[in-house]
Amino acid sequence: MIELENVAYSYGGDSLFAGLSLQLAPGSFQFLTGPSGAGKTTLLKLCYGDLLATSGHVTLFGKDAAGLTRDDVALVRRRIGVVHQDCQFLDHLPLSENVALPLQVSGRSKEAQDNLGDLLGWVGLSRQAAQTPPQLSGGERQRAALARAVITSPDVIVADEPTGNVDWEMSQRLLTLLIELNRMGKTVLIATHDLNLIRFAKSQVVANVLRIRGGQLETGVTL
Amino acid sequence: MIELENVAYSYGGDSLFAGLSLQLAPGSFQFLTGPSGAGKTTLLKLCYGDLLATSGHVTLFGKDAAGLTRDDVALVRRRIGVVHQDCQFLDHLPLSENVALPLQVSGRSKEAQDNLGDLLGWVGLSRQAAQTPPQLSGGERQRAALARAVITSPDVIVADEPTGNVDWEMSQRLLTLLIELNRMGKTVLIATHDLNLIRFAKSQVVANVLRIRGGQLETGVTL
Amino acid sequence: MNPRVTQILGLLQGDREADRAVPPTGFTARLTVFTAAAMAFLAVFALALSVATGRLADRWSAELARTATLRISAPAGEGEAQVRAALQVLETTPGVASARALTPEEQAVLLEPWFGPDLPLETLPIPRLIEVTADADGYDATGLRARLQAEVPAAVLDDHTRWREPLVDAANRLRTLGWVALLLIGGAVAAMITLAAQSALSANAQVIRVMRLVGARDAYIARAFVRRFTLRAGLGALVGTILGLLAVAALPDGDDGGFLTGLGFSGAGWFLPLFIPPLAAVVAFLATRAAALRTLRTQA
Amino acid sequence: MNPRVTQILGLLQGDREADRAVPPTGFTARLTVFTAAAMAFLAVFALALSVATGRLADRWSAELARTATLRISAPAGEGEAQVRAALQVLETTPGVASARALTPEEQAVLLEPWFGPDLPLETLPIPRLIEVTADADGYDATGLRARLQAEVPAAVLDDHTRWREPLVDAANRLRTLGWVALLLIGGAVAAMITLAAQSALSANAQVIRVMRLVGARDAYIARAFVRRFTLRAGLGALVGTILGLLAVAALPDGDDGGFLTGLGFSGAGWFLPLFIPPLAAVVAFLATRAAALRTLRTQA
Ligand SMILES: Nc1ncnc2c1ncn2[C@@H]1O[C@H](COP(=O)(O)OP(=O)(O)OP(=O)(O)O)[C@@H](O)[C@H]1O
Ligand SMILES: Nc1ncnc2c1ncn2[C@@H]1O[C@H](COP(=O)(O)OP(=O)(O)OP(=O)(O)O)[C@@H](O)[C@H]1O
Ligand SMILES: [Mg+2]
Ligand SMILES: [Mg+2]
C-alpha cells in the first residue's frame, strides 16, 4: 500500500532522518513511537502525501509520490483517513457536517445518513452533533477527528496522537474501533506516546511497534 | 486566591455543573480529572476569568469576578499563568517572542533576557527558539505553552492537559518544573487524564485531586 | 456549448455543498459588495460624462468645421458684384459643399440684438454675408483667404474658430477625462476584488488545509470562493449602477440646447450602463479565479 | 497638550513591540493602501472640478447679475435727449450702481465682427447703448422696464439673462456634482477602511485571543491595528493625491479665458488637495478605532 524506501526528510536544516525504509502491508496494524520532536508527525505526513521526501522514494498505492499531480494527491487522500495531531475542522460547520466532509468532497454525500449516526454514537458525540468545533471540548474534537478519518471506510487509517486528550476508558473505546476496522482488512498506523494504549492493543491484535530515535527507525520494538 | 462558591455554568443548554464550590489556597497543588466533556476546561476558564459563572460567586484575588472591568480582567490574567488545552500562539512570531509575550504585554520585556534561555533549556526548546509555532511539533508547542505560562513567575499556574502530546520522560520533566514553582509558593492547578502523572506528583509533593463527574466536584479523590 | 460558458453558468446555478465549505466571510463580503457598488456608481457618472460631452463635442466640431461666414464690406452699389465674384471663387474651391448669400431678412435677424427690430437695412452700407458650408473633407482656409485677397479684396472669411475651438477643446478634454476615469475605475475594481479575494483566501487558510486533508480537488475548493466573489461583485455593481442611473436621471434637465446641461443619457444610451454589472462580474470571476488557483498552488 | 492630540502623535511614533503582535496583514494592507490611493486620486479630480467650475460660475454670475445693456433706437437728432432721459431714470432706480452711455468708439468695437472695422458710425442711425451696472442687491428689472416704457419708450433693456443663465446653471451644476462626488468619496473611504479593518480584526481573532490570554489590555491590542490602518490610509492617500495632482497638472492648459479649459487649481488652490491625506488618516483613525474597540468588546 504505502512504501518508504531509503527516505530522508529535512525542513531546511539538518535531516530529521535519513535512509529510512518502511512498508505498510495491507491489513497490518502498526504503532509509531518516539520522543517529542523525533519526527513522527513528519513521517506520517510523508505517508499521506502532505510532504515530499527530500531524497529516497515514497510509493503510495503503487505510484511514486513525487510524480503525483495535485489532483492525484487529492485522490490518494480519499483512500487514507487521517487524524491530524491538532485536529483541524471547518469551524463554522456543525460537527455532523464536519465528520461527513470526506464523503461530501468525493461526491458520496448520500452515504452519510447510513453510518454517521452510528459512528457518532460510538465515539460518544451524538449529543454534540449540532455543535460547531469551537464549542467542543478538547477530547470531543479528537474523537470527531477520528470519526471523520474513518467515515469513508478508507483503505488506510493514519492517526497522529488520537488519544492525547481523552481519558483511558475512551482511549480503549477508540482503539477498539480501529481494531474493528483492522479486522475488516484496513491498514492502521498510529503515532502515540501512550505505552498503555500499545499494550492494550497488543492484547487484542497483532501489532507491530516502530520507534523513531536519533533519525533511525527501529521496527518490532518490545515495550 | 481563587474561590468558587456554589457556582453553576451552562453554555446555553443544560448546566454543566451546579452548586460547585472550590477554594484554591495559596501554595496548594491540585489536579483536576474527569471524563472527556465533563467540564474541566470550563471550570479552569471560570478560574481565570475567561467565562463568567451563570450563578454563584467567583472571587479572584479577593474581587468578585462578575464585577471586574475588561482592564481588571487583563490585570488578573497577568497574575495567572495559563496553559490552554489547544495551546494558542501568535503564529507569525518566533517561539522566543511568543514565550516572552506575557512580559512584553505587561511592560516588563527587560526581564525576558534573564530567564528566557534557562526556561527554554528546561523544556528542551533551545534549538527551536527561532522557529514559529506552526514549525513546531505538537509536543514542542505544548512545552512552549507551559514556558509562556510560567515566565512571569505568576502567583497561580493553571494548566489544561499540559502533557497530552509529550512522552513520559518529558511529562515528568515538565511536572518537576511545576513542582519547583509550587515549592516557591505558587499555586498550581492541572487538568489531566494521565493518572500516572498524578501518581508521580503525589510521590513528590502534597497534591490534592479533584474530579468532576455528573456535574459534581469530588475532592480528595484517591486513585 | 463553450466550456468556459458552461463553467460560468454553473457558477450561477451553484453547488450548495461546496459553498458551505467556505465560511460566510462577513466583512470581506460587505467590502466587496460595497466596493463594486461604489465603483459602478462612479462608472455610471463617468460614462454619462463621456457620452454627453462626446455628443456635445461632436455637435460643436461639426458646426465648427462645416460652416463659416464670408463678410463683404463693399461701397454701396458694388455689393452685388462682389458677392457674385465671391460665390464664384467659393464654387471652385475644393472642399466647399455650398455657399449662399444671406437674404436681407436673415441679416436683420442676426443684427437685431444690436440695433433693434426696425433697422432700415436697405438704407445702410452694411456688409453682405455669405454662409459657407464645407463638405466632410473641409477646405483649405489659408488657400481660400489668399484667393479671395486677390479676387474679392473686400471679403473677410470668418471661420468661427476663435469662438468654437476652445469649447470643442474643453468638451473633448472632458470626454477623455471620462474615458480615463472609466479605465481607472475598471482597473481599481479588478485590483480591489483581487485583493479582497486574496485576503479572504489567506484568512481561510485553515479551510483550505482541511478541505485538502479530506481529499478535495483544487477546482472544488476554488469554486466556492470564485462563485461568491463573482456574485457579490455582480450584485454590488448592479446596485451601484441602478443608484447611479437614478442619480443621473435626477439631475435637473436643462433645455436641450443649453451648454453642458444635457449631462446624462439619451435614448438607447440608457442601456449602455447596463453592461457595467456583467462586466464587473466577469472581472471578478477572472480576478478571483486567478487569485484562488495561485493561492492553492503556493500553499503547499 | 490635548490628550487626543498626544494619542495621535503617539501613533506616529509607534510601539514596535505592540506592533509586532499583529501579523503583517498582507493583502488587507495592500487593499487599504490601494483604496486610499485610488480614492484620493479621484478626490483630487473632484476637487479640481469643483474649484474650477466654482470659479467659472462665480465669474459668470457676477457678470450676469451686475451688467445689462440699454438700447435706445431713436430717430436721428433725438438720440442725445433720450439718452439723457434714460440716464436720469436709471440714476433714480434703486439697485443701479452706475449707468454710462457707451462712446461711439466703444460701439464701433462691439460692432466690428459684423461690419468690419471701417463702419462710418456717425452717419448711421444706429441705436445708442447704455451700460448699466447693478449694485450687490440688484434692481427690479420688471419695474425698470415699466418706468422706461413710460418715460423713454425707445429704450429696450437687455439684461443678458438669455445668454448667461444656462451657462451659469451648467457651471453650478458641475460644481455641485464635484462636491457631491467629494462627499461620496469621503463616505466610501470611511466605509471601505472600516470594512477592511474589521476584516483584518476578524481574520486575527486568534491574535486577539492570545493577547487577551496573556493579559493585554484592549487599548494595547487596538493600538497596533489602529496605527497600521491610519498610517496605511494616510500613505495611500498621499500617493493618490500626488498622482492626482500630477495628472491635473498634466492636463493641457488652454488659454485662461477659454471655457472650462482651466480645469485645475490656481495659485493657493494647489494647496487645497494637501488636506486630503491627513483627512484620510483621521477618517481611518476614527473608523479603525471604533471598529477595533467594538470587535474587542463583542469577542468575549
Ligand atoms: N514546518 C517546519 N519547519 C521547520 N521545522 C519543523 C517544521 N515542522 C516540524 N519541524 C521540526 O521537525 C521536528 C520533528 O517534528 P514532528 O512534528 O515530526 O515531531 P513529532 O515526532 O511529531 O513530535 P511530537 O511528538 O511532539 O508531536 C521538530 O523538532 C520540529 O521542530
Ligand atoms: N462554547 C461552547 N458552546 C457550547 N457548548 C460547549 C462550549 N464549550 C464547551 N461546550 C460543551 O461543554 C462540555 C464541557 O466542555 P469542556 O471543554 O469543559 O470539557 P472538558 O472536561 O475539558 O473535556 P476534555 O477532557 O475533552 O477537554 C462539552 O460537552 C462541550 O461540548
Ligand atoms: Mg507530532
Ligand atoms: Mg478540556
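Counting restarts for each chain, with residues numbered from 1 along the sequence as it is written. Chains and ligands are labelled by the order in which they are written, letters from A for the one and numbers from 1 for the other. For a predicted model such as this one, the threshold for reporting local features is a pLDDT of at least 70, and the threshold for listing and counting side-chain atom pairs is 80 or more; totals across whole chains, interfaces and linings nevertheless cover every residue. For side-chain calculations, the full set of non-hydrogen atoms in the structure is used, while hydrogens and water are omitted.

**Focus on the sheet that holds strand β1 (residues 67-72) of chain D**
All names here are of chain D. Sheet architecture is open: four strands sit in the order β2-β3-β1-β4, paired in antiparallel fashion. Either end of the sheet is taken by a strand with one partner, and the two such strands are β2 (96-101) and β4 (155-158). Pairwise comparison of adjacent strand axes, ignoring direction, gives a mean angle of 20° for this sheet. Where β2 and strand β3 (residues 128-134) come together, five bridges link them in antiparallel fashion. Within the sheet, the bridge partner assigned to A99 lies in β3 and is V132. Across the sheet, helix α4 (residues 79-91) lies against β1, β2 and β3, angled at about 10° from β3, the strand it touches most. Two strands make a pair as long as DSSP finds a minimum of two bridges between them. Comment: elements are numbered from the N terminus, with helices defined as DSSP H or I runs of at least four residues and strands as E runs of at least two. To get an axis, a line is fitted to the C-alpha atoms, and for a helix only the part in contact is used. The angle between two axes follows their N-to-C directions and goes from 0 to 180 degrees. Contacts are assigned to residue pairs that have any heavy atoms within 4.5 Å of one another.

**Points about the coordination of the magnesium ion (ligand 3)**
Around a metal, the perfect tetrahedron of four donors has angles of 109.5 degrees, and the perfect octahedron of six donors has angles of 90 or 180 degrees. Residue and element names in this part refer to chain A. Because no water is among the atoms considered, metal sites can look incomplete, with donors defined as N, O and S atoms within 2.8 Å of the metal, or 3.2 Å for Na, K and Ca. Coordination of the magnesium ion (ligand 3) by the protein comes from T41 (OG1) and Q85 (OE1), over a distance range of 1.9 to 2.2 Å. With a gap of 44 residues between them, T41 in helix α1 (residues 40-47) and Q85 in the loop between β6 (80-83) and α3 (95-105) connect regions that are remote in the sequence. Judged by relative accessible area, T41 falls into the partly exposed class, the value being 22%. Accessible area is worked out with a 1.4 Å probe on protein chains only. A residue is then buried under 20% of its type maximum, exposed over 50%, and partly exposed in between.

**Focus on the domain arrangement of chain A**
Residue and element names in this part refer to chain A. These domain limits were set by an automatic method or by a database of domain assignments. Examined at the domain level, chain A breaks down into domain 1 (1-79 + 154-223) and domain 2 (91-152). Here domain 1 and domain 2 have C-alpha centroids that lie 23 Å from each other. Across the contact, 16 residues belong to domain 1 and 14 residues belong to domain 2. In this description, buried area is defined as the sum, over both parts, of the accessible area (probe of 1.4 Å) that is lost when the two are combined. The junction of domain 1 with domain 2 conceals about 1300 Å² of combined surface from both sides, 66% of it contributed by carbon and sulfur atoms.

**A closer look at the packing of aromatic side chains**
Note on ring pairs: Phe, Tyr and Trp rings are taken, using the six-membered ring of Trp, and paired if centres are within 6.5 Å. Classes follow the plane angle, with under 30 degrees stacked, over 60 edge-to-face and the rest tilted. Applying the stated criterion to the full structure yields eight aromatic pairs over all chains. Considering the side-chain rings of F29 of chain B and F31 of chain B, the 5.5 Å spacing of their centres and the 50° angle between planes classify their relative orientation as tilted. For F29 of chain B, a relative accessible area of 2% translates into the label buried. When the centroid spacing of 6.2 Å and the interplanar angle of 80° are considered together, the rings of W168 of chain B and F200 of chain B count as edge-to-face. Taken together, the positions of W168 of chain B in helix α6 (residues 168-183) and F200 of chain B in helix α7 (residues 195-202) put the pair 32 residues apart, joining distant regions of the chain. F200 of chain B sits in the buried class, given a relative accessible area of 18%. Both a distance and an angle decide whether a charge sits over a ring: NZ of Lys or CZ of Arg must be within 6 Å of the ring centre and within 35 degrees of the ring normal. Directly above the aromatic system of W122 of chain A lies the positively charged group of R173 of chain A, at a separation of 4.6 Å from the ring centroid.

**Section: the sheet that holds strand β8 (residues 187-191) of chain A**
All names here are of chain A. Sheet architecture is open: six strands sit in the order β6-β7-β8-β3-β9-β10, paired in mixed fashion. In this open sheet, the two edge strands, each paired with only one partner strand, are β6 and β10 (216-218). Within the sheet, the average angular offset between the axes of one strand and its neighbour, ignoring direction, is 15°. Pairing geometry for strand β7 (residues 156-160) and β8, over five bridges, is parallel. Paired with V156 across the two strands is T187, which belongs to β8.

**A closer look at the pairing of strand β9 (residues 208-213) of chain B**
All names here are of chain B. In the sheet, strand β3 (residues 29-33) pairs with β9 via four bridges, with the strands oriented parallel. Residue pairing across strands places Q30 opposite N208, the latter belonging to β9. The pairing of β9 with strand β10 (residues 216-218) spans three bridges and is antiparallel. Bridging from a neighbouring strand, I212 pairs with L217 of β10.

**Quick word on the site of ligand 1**
Summary of the distance rule: residues count as near a molecule or strand when at least one heavy atom falls within 4 Å of that molecule or strand. For ligand 1, the set of nearby residues contains 20 residues, the closest of which are K40, T41 and T42 of chain A together with S137 and G139 of chain B. Mapping the residues near ligand 1 onto chains gives chains A and B. Polar contact is defined as a pair of N or O atoms within 3.5 Å, subject to the rule that within protein one atom must be able to donate a hydrogen and the other to accept it, and that residues adjacent in sequence are counted only when both atoms are side-chain atoms. A distance of 3.1 Å separates a nitrogen atom of ligand 1 from a polar atom in the backbone of Q135 of chain B. The contact in question runs from an oxygen atom of ligand 1 to an N or O atom on the side chain of S137 of chain B, over 2.6 Å. Areas reported here follow the Shrake-Rupley algorithm with a probe of radius 1.4 Å; residue values treat only the protein chains shown as occluding. Compared with its free state, where it exposes 640 Å², ligand 1 has 90% of that area covered by protein. For the shell around ligand 1, the secondary structure elements donating two or more residues are α1 of chain A together with α5 (138-150) of chain B. Considered class by class, the residues forming the shell around ligand 1 number three nonpolar, 14 polar and three charged. Three classes are used: nonpolar for Ala, Val, Leu, Ile, Met, Phe, Trp, Tyr, Cys and Pro, charged for Asp, Glu, Lys and Arg, and polar for all others, with Gly counted as polar.

**Quick notes on the site of ligand 2**
For ligand 2, the set of nearby residues contains 20 residues, the closest of which are S137 and G139 of chain A together with K40, T41 and T42 of chain B. Two or more chains meet at ligand 2, and those chains are chains A and B. Take H193 of chain B: an N or O atom from its side chain is 3.1 Å from an oxygen atom of ligand 2. For ligand 2, whose unbound accessible area comes to 630 Å², protein coverage reaches 89%. Of all the secondary-structure elements, those providing two or more residues to the shell around ligand 2 are α5 (138-150) of chain A together with α1 (40-47) of chain B. Classifying every residue of the shell around ligand 2 gives three nonpolar, 14 polar and three charged.

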